[in-house]
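# Structure at a glance
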Number of protein chains: 2
Amino acid sequence: MKIAILGYGNLGRGVEAAIKQNPDTELFAVFTRRNPDTVKIHTENAKVLHIDNILDYKTQIDVLIICGGSATDLPVQTPEYVKYFNVIDSFDTHAKIPEHFENVDKNAQQSGKIGIISVGWDPGMFSLSRLYANAILPDGQDYTFWGKGVSQGHSDAIRRIEGVIDARQYTIPVPSAIESVKNGESPSLTTRQKHTRECFVVASDGADKARIEKEIVTMPNYFADYDTTVHFITMEEMKRDHQGLPHGGTVIRSGKTGFDNQNSAIIEYNLKLDSNPEFTSSVLVAYARAAYRLCLKGEKGCKTVFDIPPALLSADTPENLRKKLL
Amino acid sequence: MKIAILGYGNLGRGVEAAIKQNPDTELFAVFTRRNPDTVKIHTENAKVLHIDNILDYKTQIDVLIICGGSATDLPVQTPEYVKYFNVIDSFDTHAKIPEHFENVDKNAQQSGKIGIISVGWDPGMFSLSRLYANAILPDGQDYTFWGKGVSQGHSDAIRRIEGVIDARQYTIPVPSAIESVKNGESPSLTTRQKHTRECFVVASDGADKARIEKEIVTMPNYFADYDTTVHFITMEEMKRDHQGLPHGGTVIRSGKTGFDNQNSAIIEYNLKLDSNPEFTSSVLVAYARAAYRLCLKGEKGCKTVFDIPPALLSADTPENLRKKLL
């Protein structure tokens, strides 16, 4: 299966790494908006090409993995490229998924291609965990905790404050809240009771740190509803201690079984990731395999993780899967 | 959707309870090998009928959930009844799944019905967790820990010892082993290092407790490879403290991401169940919904949880699922 990557940032590099781990996949090319000569990739024998020429390779690419951002890239790119390719994206603006689905589906139905959207871990594996748990335990409550991990959106928000040179924000679930949920206590939790936020900030020389801290902790939507702590550190400390992009989290459904709902059942799915983009990329490549197989079967249209039979994700045969993993 | 239950033990009663929680499902009848007059069920307006008459109701039942045992019931019943009905079972003899699959598939292909086998939590949800995690992280190791929970097979083995009136065996994962796996240490663990076994035994008056204990802890296959503790208790204590059938466990895949496998990723799926049979039944009912929908689409043959698109398990519409759970 020949895979092409569109966009060579953290996610694109992660896809390249995941392709290396999957012997039935091969990186055909990386497509970029930059001058291809300036983009150096890890894989020998794979091309770097300019996005303007991508249609020249229509017949040579089995699946195109679109590694752009959800704000402005994917709403345009995924509906556009599904006209010519089987595509996968990691569109993660939850509220706009129905609209994105419609846009991709319309073009995919016409082109006869497959587009699988919102692939990754949330949306993605966390969504699957919620769906399975809700189907099994109709009587129950859902909880999602994120972290401990770096939130890039919140880090960016801090960087926009005057006097801030660099910043890293960690989202941290409140351990006692998770404990309560796992104990089947079905608590009602406010935003503040579920997560705390910890910020590491490099300020410019002479900047008013008290003002910066106040601007952070009172920032609406991002920080005002949370208990937020701010640490000022040096650029050396930032580079030494905060270069990774770890993340993860926990999805829990706390439900009841029995004719009188007398028994408790707790379903928990948990991820602990050194690299958020690399894990997302690993999910993308597994779903690229499914997209290719669906296309070979003659299916078309927009799909999500909810529509894909799990066996299609694996390189192994159905017989082996039943024998080894069932 | 009209569901019939075959066999009214713990599992059959659990299916009855799960049907009550799912408004789109209805219990049509319980079929039993016993005299139907002696079987009292919870659901008003549902029949209790003798298994010998089940074919009279062929056109009135959408899905038959077969709640027999894996040792002797299911290998016969599932291939037989898939000739006439869409069927679901919880066949859990892992080594014999390929053979069972073939037997069910042959008859289902001929009858045009759907048979979904090995539905529950292990095999079942645990298998799904293994499959997804293996597809996403090809470079890694799988771990399954069971418990804390009652093993009925091990409890039965103790009851067969001379001088034992009743017994309950709990399988308990070793906390330090789980910790090590969750920390990404990828340990190699022996059987003894993964689980301990705790036994509560009611002995008959004058029985030689030292002999009973020795027979338990040295029993091949069941206990000899484990650190086993034995507690002698009274029948009153047994009835007071050990009547539930709790179970659960944890599936973990510890893998690597990155071009040089430099980052760790841990995927964990965890269940904590007050009632093992009721949870298994809840999974069976969700897959009954999927079987019915697949049959309406014109599909046929034997399937497992690996083959079923997750959205088919939910009573909700695809649009709502994308909006609310993705």
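Conventions adopted
Residues numbered from 1 in each chain as written. Chains lettered and ligands numbered in written order. Predicted model: local features only at pLDDT ≥ 70, side-chain atom pairs only at ≥ 80, totals over all residues. Heavy atoms only, no water. Contact = heavy atoms within 4.5 Å. Buried area = accessible area lost by both parts, 1.4 Å probe. Salt bridge = Lys/Arg side-chain N within 4 Å of Asp/Glu carboxyl O. Helix = DSSP H or I, 4+ residues; strand = E, 2+ residues; numbered from the N terminus. Nonpolar A, V, L, I, M, F, W, Y, C, P; charged D, E, K, R; others polar. Pairing = 2+ DSSP bridges. Axes fitted to C-alpha atoms, helices over the stretch in contact; angles between N-to-C directions. Parallel < 35°, antiparallel > 145°, perpendicular 65-115°, else oblique. Buried < 20%, exposed > 50% of the residue type's maximum accessible area, 1.4 Å probe, protein only. Polar contact = N/O pair within 3.5 Å; in protein donor to acceptor, adjacent residues only side chain to side chain.

## Digging into the interface of chain B and chain A
In this complex, chain B contributes 70 residues to the contact, which on the side of chain A involves 70 residues. Three residues stand out in chain B for area buried against chain A, namely Phe259(B), Arg322(B) and Leu326(B), and they jointly supply 15% of the buried area on that side. The tally of links between chain B and chain A comes to zero salt bridges. Contributing elements (two or more residues each) for the side of chain B that touches chain A: helix H1 (10–21), helix H3 (97–111), helix H4 (125–136), strand S12 (247–257), strand S13 (263–273), helix H10 (276–296) and helix H11 (318–324) of chain B. Looking at the side of chain B that touches chain A element by element, the count peaks at eleven residues for S13(B). When the residues that make up the side of chain B that touches chain A are grouped by side-chain class, the tally is 34 nonpolar, 20 polar and 16 charged. Across nine bridges, strand S13 (residues 263–273) of chain A lies against S13(B) in antiparallel orientation. Each residue of the ladder has a partner; that of Glu268(A), found in S13(B), is Asn270(B).

## Concerning the sheet that holds strand S8 (residues 149–150) of chain B
All names here are of chain B. Here we have four strands laid out as an open sheet, ordered S8-S9-S10-S11, and mixed in their pairing. Two strands close off the open sheet at either side, each with one partner strand: S8 and strand S11 (227–232). Taken together, the six bridges between strand S10 (residues 195–203) and S11 define a ladder with parallel strand orientation. Counterpart to Glu198 in the pairing with S11 is Thr229. Along the sheet face, helix H8 (residues 209–217) touches strand S9 (164–173), S10 and S11 and points at about 150° away from the line of S11.

## Considering the packing of helix H4 (residues 125–136) of chain A against H10(B)
Packed helices, taken two at a time, are described by the angle between their axes plus the distance between the axes. At a closest axis distance of 8 Å, the pairing of H4(A) and H10(B) adopts a crossing angle of 105°. As summarised for this structure, H4(A) and H10(B) are arranged roughly perpendicular, according to the angle between their axes. Touching Tyr132(A), Ala135(A) and Ile136(A) of H4(A) are Phe279(B), Ser282(B), Val283(B), Ala286(B) and Tyr287(B), all from H10(B). Its residues assigned to classes, the contact of H4(A) with H10(B) comprises seven nonpolar, one polar and no charged.

## Comments concerning the pattern of salt bridges
Residues and elements named next belong to chain A. Under the defined criterion, the tally for this structure stands at 28 salt bridges over all chains. Here Asp156 ties to Arg159 by a salt bridge, and the two come within 2.5 Å at their closest N and O atoms. Linking Asp156 with Arg159, this pair stays in helix H5 (residues 152–159), spanning three residues, or about one helical turn. Its salt-bridge partner being Arg192, residue Asp227 comes within 2.7 Å of it at the nearest N-O pair. Taken together, the residues span a long stretch of sequence, with Asp227 in strand S11 (residues 227–232) and Arg192 in helix H7 (residues 191–194) at a distance of 35 residues. Looking at Asp227, the relative accessible area reads 42%, which means it is partly exposed. With relative accessibility at 37%, the residue Arg192 sits in the partly exposed group. Connected via shared salt-bridge partners are Asp156, Arg159, Asp166 and Arg168.

## Regarding the environment of Thr171(A)
Residues and elements named next belong to chain A. Here Thr171 shows up in strand S9 (residues 164–173). Taking the C-alpha atoms as reference points, Thr171 and Val87, separated by 84 residues in sequence, lie 31 Å from one another. Those residues in contact with Thr171, other than ones at most four positions away along the chain, are Trp146, Gly147, Lys148, Gly149, Ser151, His195, Thr196 and Arg197. At a separation of 3.0 Å, a polar atom in the side chain of Thr171 contacts the side chain of Arg197.

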